[in-house]
Amino acid sequence: MQALTVWLRRLRVMTSKELLQFSRDFVLVLFTVYAFTMDVYLAGSGVSLSLNNAATVVYDGDRSQASRELVSRFREPYFKEVGQLSTPEASTSLLDSGAAMVALDIPEHFEKDLLRGEQTSVQMQIDTTNTVLGLLASSYGAQIVGQYGLDVALQRLSVAGGSLSSAPSIVDDHRVWFNPNSSDAWFMSISEMLTVITLFSLMLPAAAMVREKERGTIEQLLVSPLSPLQVMLPKIMSMTLVIVALTALCLLLVVRGIFAVPFEGSLLLFFAITTLYVFTTAGLGLAIATFARNMAQAGMLIILFIAPMIFLSGAFTPPEAMPPFIRQLMLLSPLHYFIDATYGIMLKGAGVNMLAPQLLGMSVLGALNFGLGLWRFRRQFE
Amino acid sequence: MNRRRILAVVSKEWREIIRDRLFLALAFVVPSMLMLLFGYGLSLDVEDIPFAVVDYDNSAQSRDYAYRFIDSRYFDFKGYSRDEDLLARQLSTNKLRAYIVIPEHFERDLLAGRPAAVQTMLDGTFPSRTATSKGYVIAINAAYSAELIGSYLSARAGVSPTQAQAMLQPVKLDVRYLYNQSLLSVWSIAPKLIMVILMIAPPFLTALGIVKEKERGSIYNIYASTVSRGEFLTGKVLPYVGISMVNAVILWLLAVFLFGAPFKGDFFFFLFATLIYVSCTTGIGLLVSTMVSTQVAAMVLTAIVTVVPAALYSGVLIPIPSLAGEAQVLAHLLPAMYYANIVTGSFLKGVGFAQLWQDVAILALYAGVLFTAGFFLFRKRPKA
């Protein structure tokens, strides 16, 4: 009984030591708070992953009512006309310099051909240096032109009274679930919050460990009556406390407060999973730290882990499109599970039973990381 | 500025770097590793969307319609089901991203010349992916509709189905993809990865390298020496610029030979512009190092000012014109955007100094401002 009390007291003392050390680094505290608030705000307010206002230049060789009607359909939110050209060749330099993304070229006799019932073609040049946007632009363009053509044809032929509603066709009725308005702010603010949590969970505990090694204060800890676990655990616990508290702030102030992201699931479950995630990731950080002798090494090692985690775990890039071995590699990234869990709880209202695989994945990784870290730590100093 | 003193600082720094074997190895391994992982993994293509079909009609026509999706390379068919609750749950657990509901009397309505409504349920968690999937659904539906109306019209007006189709689509859209004709993702991504990686790695090397001296206290040797501020900072930064330039060349080789990205521009212009860009990013590291006194803070600060912006505000995942308000301002304040023009220009568009001089000039100015700020913020007399 008494042994336990002493054990817990040591843990508490060490945890408060870590917290004190963190709080005394003013610049660090300042930027930590900045990351959890302003940074998430910036991402949520300013980033959109959809095609918006693609700069479009138009060469209208016909200047007829029909051509103007078609051009006017290339409008916001997808396209935005930024200029009329006097020659079709003028588009090249605008596309080269990036001033325009799409160039539309309507031939002479466009209206005449349409009235005569002859097929005519409109050229659309798309800057595809960004493949996804290029494809989106071409798909929206095809929709606009297709619809325009159908409208003209049905009117001319006066088939079925000139309207689609009484012709055999597919009426497209799509519903978007979980984020019905496709709000990028919801997606971006959550994703950015997860990114920031990951950055700090990996860096802070690892840094706290390497710092002791580099400064030599680890010697003092080793001659104290603390076991390796008692040295390691408080580092993780203190930083978990800081990160979870700041996550709460971020969620309340920015994600819910400013962007009004709905919270369908259980708040308690979210914080439980966040704590588990921070613990798991911190374990990875500590395991990395045992391989580094100084902070410069630790920093480079951390980058090696953190950049792929953030870019490839599935928030910014679709996992379905990745080659199998990268997908399997990402099963080792705790963020992979945390992304599914967070979106599941927040937007889809998922409960514990739906998130069992994610919980299991994170727990196993956490145990492995922590075990590896502890084992390496023991071996280095005993 | 005394050349000998600068060289002395350079050789001291260089020796420190090469004696830290692990660090030296990481300085070269990390950028290349990131290039390999991102090059193979960072695909923005929306393909193989897992989906299911609920077919309440179960007719020849409905199966024919469903086949349009099953056959498409954009969709990955997971099976037929009638249990919509189960499918809804699978949408929640990410086993599916979409499912299609074909109503009863689908065949009957279409044969009778009436429209039939087909529902598509899409997972909206990731908006850009949803937009792309929605685009595919609309395109498949439109093509199917056109065929239906075409054959309807040909039966009514007595023309051949192909003629009827042509009548229905009087305007053809002739799309030309510029700069990346085959729409290979890796082509467009590999050059930009050079930008991302050179945005992340050099500042870390520099910031940690300089703050290390502060934290260990070895900076007092510098304070007490005859080396001036400018000489110290130049000497300190040069080895990292050197390492980063070697990395830039390695990354270029990987992009061109491993990922097969076409390089149409002038290599020496590219190298020159890269040198300026690398000076900018090492300058960021330098500036960070003057603001903090511990390596922890240096690491965290560098991560916030480089990793996050590299992902969001550099144009690699999200194109700059899609940014709004403050994010747009932020993007213009970072060097990555200008260098992105240079890499895509040099790789895909084959344009050179004549078109890109503005970007180069901005980067040069940027580097100048960073080093000047670093120079004035770095003090040889520590505050008491």
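The written sequence of each chain sets the order in which its residues are numbered from 1. To read the labels, note that chains go from A and ligands from 1, taken in the order they are written. The model is predicted, so local features are restricted to residues of pLDDT at least 70 and side-chain atom pairs to those at 80 or more, both for listing and for counting; the totals for chains, interfaces and linings are taken over all residues.

## Here's the deal with the overall build of chain A
The helix and strand inventory of chain A stands at 14 helices and 5 strands. For a compact globule of 382 residues, the expected C-alpha radius of gyration is about 21 Å, and chain A comes in at 29 Å, more than 25% above that figure. Dimensions of chain A, computed from C-alpha atoms along their principal axes, come out at roughly 95 × 45 × 40 Å. Buried means a residue has 20 or more other C-beta atoms within 10 Å of its own C-beta, exposed means 12 or fewer, and partly exposed covers the counts in between; C-beta atoms are placed from the backbone. For chain A, the proportion of its 382 residues judged to be buried stands at 50%. It is the C-beta atoms, placed from the backbone, that decide contacts: two residues are in contact if theirs lie within 7 Å. Of the contacts formed within chain A by residues at least 6 apart in sequence, a portion of 79% connects residues at least 24 apart. Numbering of helices and strands starts at the N terminus; helices are DSSP runs of H or I of at least 4 residues and strands are runs of E of at least 2. Each radius of gyration is computed over the set of C-alpha atoms, and the globule rule expresses the reference value as 2.2 Å times the number of residues to the power 0.38.

## Some thoughts on the overall build of chain B
The secondary structure content of chain B amounts to 15 helices and 5 strands. When burial is assessed residue by residue, chain B has 49% of its 384 residues classed as buried. Within chain B, contacts between residues separated by at least 24 positions form 76% of all contacts whose residues are at least 6 apart in sequence.

## Description of the environment of B:Glu13
Residue and element names in this part refer to chain B. By secondary structure assignment, the location of glutamate 13 is in helix α1 (residues 3-19). Note on glutamate 13: 20 C-beta atoms within 10 Å, which makes it buried. Sequence separation between glutamate 13 and tyrosine 240 is 227 residues; the distance between their C-alpha atoms is 9.3 Å. What glutamate 13 contacts, discounting residues up to four positions off in sequence, is Gly235, Lys236 and Pro239.

## Thoughts on the interface of chain A and chain B
Many authors give the size of an interface as the accessible area that is lost as the parts come together. The interface of chain A with chain B comprises 110 residues on the first partner and 116 residues on the second. Contributions of two or more residues to the side of chain A that touches chain B are made by α2 (26-46), α4 (91-96), β4 (120-127), α6 (131-157), β5 (170-177), α7 (184-215), α11 (295-312) and α13 (334-348) of chain A. Per-element tally for the side of chain A that touches chain B: the top contributor is α6(A), with 19 residues. The residue makeup of the side of chain A that touches chain B, split by class, is 61 nonpolar, 37 polar and 12 charged. As paired strands, β4(A) and strand β5 (residues 171-178) of chain B are joined by 8 bridges and run parallel to one another. Looking at the pairing, A:Thr120 lines up with B:Val171 of β5(B). Note that Gly is not counted as nonpolar here; it falls among the polar residues with everything else outside the nonpolar set of Ala, Val, Leu, Ile, Met, Phe, Trp, Tyr, Cys and Pro and the charged set of Asp, Glu, Lys and Arg. Here the rule is simple: two strands pair whenever DSSP picks up at least two bridges between them.

## A few points about the nonpolar core
Among the nonpolar cores identified, the biggest contains 175 residues, and A:Met203 and A:Ala206 are the most heavily contacted of them. Apart from residues lying up to four places away in sequence, A:Met203 is in contact with A:Gly285, A:Ile302, B:Met299, B:Val300 and B:Ala303. Think of a nonpolar core as buried Ala, Val, Leu, Ile, Met, Phe, Trp, Tyr and Cys residues chained together by C-beta atoms that fall within 7 Å.

## What to know about the confidence of the model for chain A
On average, chain A scores 86 in pLDDT, and the residues at 70 or more come to 96%. The predictor attaches a confidence to each residue, and that confidence, scored 0 to 100, is pLDDT. The weakest mean pLDDT in chain A belongs to α6(A) at 81; the strongest belongs to helix α10 (residues 267-289) of chain A at 93.

## Thoughts on the sheet that holds strand β3 (residues 98-102) of chain B
The 5 strands lie next to each other as β5(A)-β4(B)-β3(B)-β1(B)-β2(B), forming an open sheet whose pairing is mixed. Either end of the sheet is taken by a strand with one partner, and the two such strands are β5 of chain A together with β2 (75-80) of chain B. Averaged over all adjacent pairs, the angle separating strand axes in this sheet is 25°, with direction ignored. Here strand β1 (residues 49-55) of chain B runs beside β2(B); their pairing, made up of 4 bridges, is parallel. As a rule, the C-alpha atoms of each element are fitted with a line to give its axis, helices using only the stretch in contact, and angles between N-to-C directions run from 0 to 180 degrees.

## Some details on the sheet that holds strand β2 (residues 79-84) of chain A
The 5 strands are arranged β2(A)-β1(A)-β3(A)-β4(A)-β5(B) in an open sheet whose pairing can be described as mixed. The open sheet has two edge strands with one neighbour each: β2 of chain A together with β5 of chain B. Neighbour-to-neighbour, the strand axes of the sheet open up by a mean angle of 25°, direction not taken into account. Note that strand β1 (residues 54-60) of chain A and β2(A) share 5 bridges and pair parallel. Within β2(A), the position partnered with A:Thr56 by the bridge is A:Glu81.

## Some details on the pairing of β3(B)
Residues and elements named next belong to chain B. Where burial is concerned, most of β3 is hidden: 4 out of the 5 residues are buried. Sheet analysis places β1 next to β3, joined by 5 bridges and oriented parallel. Paired with alanine 52 across the bridge in β3 is tyrosine 99. Summarising the sheet, β3 and strand β4 (residues 116-123) pair through 4 bridges and their orientation is antiparallel. Considered in β4, the bridge of isoleucine 100 is made with threonine 120.

## Notes on the packing of helix α1 (residues 2-24) of chain A against helix α9 (residues 228-258) of chain A
Residue and element names in this part refer to chain A. Packing of α1 against α9 brings their axes to within 8 Å, and their N-to-C directions diverge by 55°. With respect to each other, α1 and α9 are oriented oblique. At the point where α1 passes α9, the crossing takes the right-handed sense. Facing α1, whose interface residues are Arg10, Leu11, Met14, Thr15, Glu18, Leu19 and Phe22, α9 presents Gln230, Leu233, Pro234, Lys235, Met237, Ser238 and Val242. Here the residues of the contact of α1 with α9 are counted per class, giving 8 nonpolar, 3 polar and 3 charged. For classification purposes, an angle smaller than 35 degrees is called roughly parallel, one larger than 145 roughly antiparallel, one from 65 to 115 roughly perpendicular, and anything else oblique. Whether a crossing is left-handed or right-handed is set by the direction in which the near helix is turned from the far one by less than a right angle, anticlockwise for left-handed and clockwise for right-handed.

## So, the environment of A:Glu264
All names here are of chain A. One can find glutamate 264 in the loop between α9 and α10. Linking glutamate 264 and alanine 350, residues 86 residues apart in sequence, is a C-alpha distance of 7.9 Å. Other than its neighbours up to four places away in sequence, glutamate 264 contacts Met346, Leu347, Lys348 and Gly349.

## Let's talk about the confidence of the model for chain B
Counting all residues, the mean pLDDT for chain B is 86, and 96% of those residues have values of 70 or more. Across the interfaces of the predicted complex, the ipTM metric reaches 0.86, alongside a pTM of 0.86.

## Regarding the packing of α2(A) against helix α13 (residues 325-333) of chain B
Put simply, α2(A) and α13(B) touch, their axes get as near as 7 Å, and they point 110° apart. One way to sum up the angle between α2(A) and α13(B) is to call them roughly perpendicular. Two secondary-structure elements touch here, α2(A) through A:Leu42, A:Ser45 and A:Gly46 and α13(B) through B:Gly325, B:Glu326, B:Ala327, B:Gln328 and B:Leu330. Here the contact of α2(A) with α13(B) is built from residues that sort into 3 nonpolar, 4 polar and 1 charged.

## A few points about unusual backbone geometry
The phi torsion of most residues other than glycine is negative, and most of the peptide bonds are trans. Between A:Glu76 and A:Pro77 the backbone carries a cis peptide bond, its omega angle lying at 5°. For A:Pro77, the position within the fold is in the loop between α3 (65-73) and β2. Of note, A:His109 is a non-glycine position whose phi angle comes to about 60°, a positive value. With respect to the element layout, A:His109 can be found in the loop between β3 (102-106) and α5 (110-116). Even without being glycine, B:His105 reaches a positive phi, approximately 60°.

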